[in-house]
Amino acid sequence: MAILYRAMRDGDVGSPWTFVVTTEDNRAMERTATTVLLERDAQFEQLAVQIDAAIAGEGSIAALEGEAGIGKSALLSQVRRRARHSGMRVLGARGGELERDFGYGVVRQLFDAPLAAMSAEQRERILGEAAGLASSALSVGGAAPGHVADAGAVLHGLYWLTANLAMEGPLLIAVDDAHWADAASIGYLSYLARRVDGLALLVVYATRIGEGASEQLPARAEPGLVGNVVRPAVLSERATAELIDRLLEGAGSPEFAHACRVATGGNPFLLQELLRALHADGIAPDSASCRRVEQIAPDTISRAILARLRRLGHDATQLAFAIAVLGRSAELRHAAALASLDPVAAGAAADALTTASILRVGRPLEFIHPIVRTTVYAEIPAAQRAASHKRAASLLEADGVAAAECAAHLMVTEPAGDRAVVRRLRAAADEVRDRGAPAAACGYLARALAEPPAQQDRADVTYELGSAELSAGRPGAIEHLRDALRGELEPRLQMPAVTDFAGALGVAGRVQEGVELLGSLIAKLAPDGDAEVAMKIEGVLACTAQLDPATSGQVRQRLARWEGRLSGATVGERMLLSGMAFDAIHRPGPAARAAELAELALGDGQTVREQTPHAANYPLAAWALVSADRLERAEQIYTIAVEHARERGSLIGFAIATGCRCQVRFRQGRIAEAEAEAEARGTLESAADIWALGRPMLIACVLDAMVERADFGGCERFLAEHRAGEDLDGYSMASRLLYSRGHLRLAAGEPRAALRDFEQIRGREAASGLETAAVPTRASAALAHAQLGDAARAAELAHEELERARIWGAPSTLSFALRAAGVVTGGDDGIELLREAVSVLDGSPPRYERMRSLTDYGAALRRAGHRREAREPLRRALELAERSGALRTAARARDELLATGARPRRTALSGADALTPSERRVCRLAADGLSNREIAQALFVTVRTVEGHLTQTYMKLDITSREQLAGALAATA
């Protein structure tokens, strides 16, 4: 009597320790309980503790790691059962070998079915607010066709989707075979791992150690984020003997158990297959059989699986081949069609495969273990495999299956110049890119290019690949975008290709190449061609060229042709005007002209919404407003940009807008608010790869606020953290950062280091032939020379700067130049210059420069012996500095006041002045009426973080509710 062993299905994950014994006359009897796990009690208890913690609101993540067949799936099944019995909602998914190129394939397995089962009202609640940004990645409630999702926005939305579900009740997310998960889903797991604190959530994923994508998973990428890594061990001889007893009729001898354990290394699945092979050969489990066991090593087990398959006949073999090609969860109708079997024959073959422990029980069709699928798949001849995958793609497409799922099969076919293959791969790339998974799109498009496409389509496919590579941060973007622009692109793709190419070169710091190619494209356009397209390309060129000193001078002559001809009526005009406004701050003309051009470029703020998050046009135009002291208007534009970034869920857009708004508030004298805004420095790393050129400017904006609020050592550590503490010559837009860093070092008493930074700016300006009128570098260098004792050189530079500042005319620039000249001149003439420095700021928005001018003016009066006269400007400076949170200037004004004999009040150590930047930022939003969840969504943080900040804020303000926040903040405003 032959006995066959069949794995019982537990939900959707099988257990290698659960079997049904079936005789030839189909009489079955269960030999093992479904709940038994051998030698897994300790690991299960670790996970059970995390389940209990998650139910109590303490989220965590765990990784089940081990070799194939070690029992990860069985342990994960037990965890799922325990979670369900404890009242948790359980969401499960499994990676598949053919699904590694999918965009958010595992994510869709987790969320699509639960969302589809909800009522419309429930779904609207769960996908409300920030969670709605996840819609692009999902089949349920997806974004509109053609909408290309921002990858950061999708991750932010998926976090809030998960959080919303966890807030409704404790949640378990279980992912099996995570080593085959697609990269976008792995990105979601990693993003979530940083934010599980405070959620009623447990994430458990099972992965093979050392297999491909597992290296990208949270347990591997960031071990500190994972509270528990569980590695099921191999079975001991005692457990091996127990399993033999459970599977075979009668206990085996100790020698037999030892031989089996040695032959399989204690791997449960291999042990199971070994016993099945031995039993098929009629080998008894006794000492006499040990030699036979030793002859059957794990590598021969695959042959036993194949022999078992062949015994089932042609139909079963062909159906197994078809299922292996189709991959995880094959439908019987698809497998039957691929195997060329009629439905009845296919159903009989599937039953035979199930009885033979090759397939799991039930539908859809799945192998009992990935090892079995790999064994069967490897047996298919290579040419037959490729042809079968191509047929599978056609079958699935005809059945309405999503393009990405069909394209997974095309990825492993042989290139043959098939236009239909190219079409399907491009459709799949569009589909996954719309989901916010550009990395997955890169794979499909690279394969489409290798097909290859027809000559008339080649440039379009090349552009699509380059654009996806740019979004995914891949190094090949520049070359592919350049090749596309040199080819015959469809007209609708011309402008996006230009914008992407300029962005890619900006990321790489290769601005010169971009300027040359953009110029050649404009030259190629026929005189009677699309004028708006030409103007848009000209606008991209104008803004791109000004990102690098080597090219910024070249664009001036091009811009001169448009002088007086533009009103900002079209997108192209606004793009060009942005470049003209930024160019104006490098001219010796008046600031009013730069502001006028910027207003035309920005309109009512629509320019912000017209641009991609990393486009240079709107930031350059808005910076012209900042340089011209139009601070209220600049703040309005950056606020529009902040809200636009929040709506899109764009971290990079958020970093740019908040970083620049930080500088506006700093200049307005709102130093504490500026540093609170500088929490954007937490997203500076997001800007590193996508907007590398603009990153130095963001660092500078943050640093200015830190200089007034933090110790100098903390500022230097911040610079080191962002690789901005040493040579900055390789950064195209480094002048603004050099200026801020120079002033940090000047304040820290390091005039030589400061002078090096200021001189490097002047060298960069000389190389480009342009000088930034709004950045008084000469006056700054004059202060450094004065500290070094070189009075003559200091006076020369200070007065040169003063002449330039009077032409530029912006109050803050002129006041700084007057202040520097007054400090280095000294005496009565110096006091007069300082008095003028104060007066030119009367009624002007740059309060920070006003408090510094008042301080220097009062200090000069005190040194000249006019102590009583000095007290008034010093008191005004101290009041402004303390109300603004300018700690360093306040300390200096206080010291000078004390030196006059005055007795100023002590700085508050409690109340609003004691709030940290993060606390201030959170409590202002709370005072505006936002809920904790809304604040967390707006600031890209967790609810637990918001709760912690508010708790500390209530203690410092001595209040008990958020209704009291507005009054407490207003009392010190």
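Residues numbered from 1 in each chain as written. Predicted model: local features only at pLDDT ≥ 70, side-chain atom pairs only at ≥ 80, totals over all residues. Heavy atoms only, no water.

Any details on helix H19 (residues 419–434)? Residues and values, ideally.
The end-to-end C-alpha distance of H19 is 22 Å, a good match for the 22 Å that 16 residues give at a rise of 1.5 Å each. Val-421, Val-422, Arg-424, Leu-425, Arg-426, Ala-428, Ala-429, Val-432 and Arg-433 are the residues of H19 that are buried. Close packing links the buried residues of H19 with helix H17 (382–398), helix H18 (403–410), helix H20 (438–450) and helix H21 (455–472). With a side-chain oxygen positioned 2.8 Å from the backbone nitrogen of Ala-420, the residue opening H19 is Asp-418. In the segment just after H19, Gly-436 is the residue with positive phi, at about 90°. (Helix = DSSP H or I, 4+ residues; strand = E, 2+ residues; numbered from the N terminus. Expected span 1.5 Å × (residues − 1). Buried < 20%, exposed > 50% of the residue type's maximum accessible area, 1.4 Å probe, protein only. Contact = heavy atoms within 4.5 Å. Polar contact = N/O pair within 3.5 Å; in protein donor to acceptor, adjacent residues only side chain to side chain.)

Describe the packing of aromatic side chains, naming the residues involved and giving the relevant values.
For the structure shown, the criterion picks out 5 aromatic pairs. Note on Phe-111 and Tyr-188: the rings are 6.1 Å apart at their centroids and 80° apart in plane angle, and the pair reads as edge-to-face. A residue pair is termed long-range when its members are at least 10 positions apart, and Phe-111 in helix H3 (residues 105–117) and Tyr-188 in helix H6 (residues 183–193) qualify at 77 residues. Residue Phe-111 is classed as buried on the basis of its relative accessible area, which comes to 1%. Its relative accessible area of 1% is what places Tyr-188 among the buried residues. Ring plane angle 45° and centroid distance 4.3 Å describe the contact between Phe-666 and Tyr-848, whose orientation is recorded as tilted. Remark: Tyr-848 occurs in helix H44 (residues 847–863) and Phe-666 occurs in helix H33 (residues 651–667); sequence separation between them is 182 residues. Between Arg-195 and the ring centre of Tyr-191, over which it is positioned, the NZ or CZ distance is 3.6 Å. When the ring centre of Tyr-377 is taken as origin, the NZ or CZ atom of Arg-373, which lies over that ring, is 4.4 Å away. (Phe/Tyr/Trp six-rings, centres within 6.5 Å; stacked < 30°, edge-to-face > 60°. Lys NZ or Arg CZ within 6 Å of the ring centre and 35° of its normal.)

Summarise the pattern of salt bridges; cite the residues concerned and give the values.
This structure, assessed with the given rule, holds 50 salt bridges. A salt bridge links Arg-447 to Glu-451, with the nearest nitrogen and oxygen atoms 2.8 Å apart. Each member of the pair, Arg-447 together with Glu-451, is buried. Among the ionic pairs, Arg-665 bridges to Glu-635, the shortest N-O distance being 3.0 Å. With Arg-665 in helix H33 and Glu-635 in helix H32 (residues 631–648), this residue pair connects regions lying 30 residues apart in the sequence. (Salt bridge = Lys/Arg side-chain N within 4 Å of Asp/Glu carboxyl O.)

Tell me about the packing of helix H9 (residues 254–264) against helix H10 (residues 268–280), residues and numbers included.
The N-to-C vectors of H9 and H10 enclose an angle of 120°; their axes lie 9 Å apart at closest approach. With respect to their mutual orientation, H9 and H10 come out oblique. Here the hand of the crossing between H9 and H10 comes out right-handed. For the pair H9 and H10, contact is made by Phe-256, Cys-260, Ala-263 and Thr-264 and by Leu-270, Leu-271, Leu-274, Leu-275 and Leu-278, respectively. Along the lines of polarity and charge, the residues of the contact of H9 with H10 split into 8 nonpolar, 1 polar and no charged. (Axes fitted to C-alpha atoms, helices over the stretch in contact; angles between N-to-C directions. Parallel < 35°, antiparallel > 145°, perpendicular 65-115°, else oblique. Left-handed = near helix turned anticlockwise from the far one by under 90°. Nonpolar A, V, L, I, M, F, W, Y, C, P; charged D, E, K, R; others polar.)

An account of helix H8 (residues 237–247) is needed here, citing residue identities and associated values.
Inspection of H8 places Ala-239, Thr-240, Leu-243, Ile-244 and Leu-247 among the buried residues, and these make up the whole buried set. Seen along its axis, H8 keeps its buried residues to an arc of 140°; they face one direction. (Arc of directions from axis to C-beta.)

Provide a residue-level description of unusual backbone geometry, including the pertinent values.
Of the consecutive residues Arg-363 and Pro-364, the connecting peptide bond is found in the cis state with omega at -5°. One can find Pro-364 in the loop between helix H15 (343–355) and helix H16 (370–379). Along the chain, Glu-451 connects to Pro-452 via a cis peptide bond; the corresponding omega equals -5°. Checked against the element boundaries, Pro-452 lands in the loop between H20 and H21. Despite not being glycine, Glu-39 has its phi angle at roughly 55°, a positive value. With respect to the helices and strands, the residue Glu-39 is situated in the loop between strand E3 (28–30) and helix H1 (41–55). Of note, the phi angle at Ser-357 is positive, near 60°, even though the residue is not glycine. Tracing the backbone through its elements, the reader meets Ser-357 in the loop between H15 and H16.

Tell me about empty space enclosed by the protein, and name the residues and values.
Considering all chains together, one arrives at 6 cavities of 30 Å³ or more under this definition. Put simply, the largest cavity is a space of about 410 Å³. Lining the largest cavity are 25 residues, and of these Gln-546, Phe-582, His-586, Ser-735 and Thr-772 lie nearest its centre. When residues of the lining of the largest cavity are traced back to their parent elements, those giving at least two are helix H26 (549–552), helix H31 (617–627), helix H38 (735–747) and helix H39 (751–768). (1 Å grid on protein atoms, 1.4 Å probe; cavity = no way out; pocket = protein on both sides within 12 Å on 5 of 7 lines; lining within 4 Å. Points joined across faces, edges and corners; volume = space filled by probe spheres on them.)

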